[in-house]
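Chain residues, written in single-letter form:
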Amino acid sequence: MARDIITLECTEARENDMPPSRYVTTRNKKSLRTPGRLEKVKYNPFLKRRTLHRELR
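Note that the structure is predicted; figures quoted are calculated from it, not measured. (Residues numbered from 1 in each chain as written. Predicted model: local features only at pLDDT ≥ 70, side-chain atom pairs only at ≥ 80, totals over all residues. Heavy atoms only, no water.)

Draft legend 1. Seen up close, the overall build of the protein. The helix and strand tally for the protein stands at 0 helices and 4 strands. Each helix and strand of the protein, ordered N terminal to C terminal, gives the series β-β-β-β. When the backbone C-alpha atoms are referred to their principal axes, the protein occupies close to 35 × 15 × 15 Å. Of all 57 residues assigned to the protein, the portion counted as buried reaches 23%. The long-range share in the protein, meaning contacts at least 24 apart out of those at least 6 apart in sequence, stands at 43%. Of the accessible surface of the protein, which amounts to about 4,500 Å², a share of 50% is contributed by carbon and sulfur atoms. (Helix = DSSP H or I, 4+ residues; strand = E, 2+ residues; numbered from the N terminus. Buried < 20%, exposed > 50% of the residue type's maximum accessible area, 1.4 Å probe, protein only. Contact = heavy atoms within 4.5 Å. Areas by Shrake-Rupley, 256 points an atom, 1.4 Å probe, with all protein chains shown as cover.)

Draft legend 2. Expanded view of the side chain of Thr51. With respect to the helices and strands, the residue Thr51 is situated in strand β4 (residues 49-55). In this view, Thr51 contacts Cys10, Glu12, Lys40, Val41, Lys42 and Asn44; residues no more than four positions away in its chain are not counted.

Draft legend 3. Inspection of the pairing of strand β3 (residues 39-44) at higher detail. Where β3 lies against β4, 6 bridges are found, and the strand directions are antiparallel. Considered in β4, the bridge of Tyr43 is made with Arg50. Linking β3 back to β4 in an antiparallel pair, the connection comprises 4 residues, with Lys48 at a positive phi of about 60°. (Pairing = 2+ DSSP bridges.)

Draft legend 4. Representation of unusual backbone geometry. One non-glycine residue, Asp17, lies in the positive phi region at around 55°. Take Asp17: its relative accessible area is 73%, and that puts it in the exposed class. Of note in this structure, Lys48 is not a glycine but carries a positive phi near 60°. If you trace the backbone, Lys48 turns up in the loop between β3 and β4.

Draft legend 5. Local environment of the pattern of salt bridges. Tallied over the entire structure, the rule returns 6 salt bridges. A salt bridge links Asp4 to Lys29; the shortest N-O distance between them is 3.9 Å. Of this pair, Asp4 sits in strand β1 (residues 3-10) while Lys29 sits in the loop between β2 (22-28) and β3, and the two are 25 residues apart along the sequence. What makes Asp4 partly exposed here is its relative accessible area of 33%. Residues Glu12 and Arg49 are paired through a salt bridge, measuring 3.0 Å at the closest nitrogen-oxygen approach. (Salt bridge = Lys/Arg side-chain N within 4 Å of Asp/Glu carboxyl O.)

Below you can see the structure in the form of structure tokens.
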């Protein structure tokens, strides 16, 4: 199987003393486009806006 299940966590929520939002998604292991950690802009319901979410390891 060439896809991994990963968790994305909000990077801005901890700075504001709010609970971080988390999303579960998959990524292609063999992709040359994302050799490092995956980053996506997703909605954070605690901050009520879109924020940067980074892959947890």
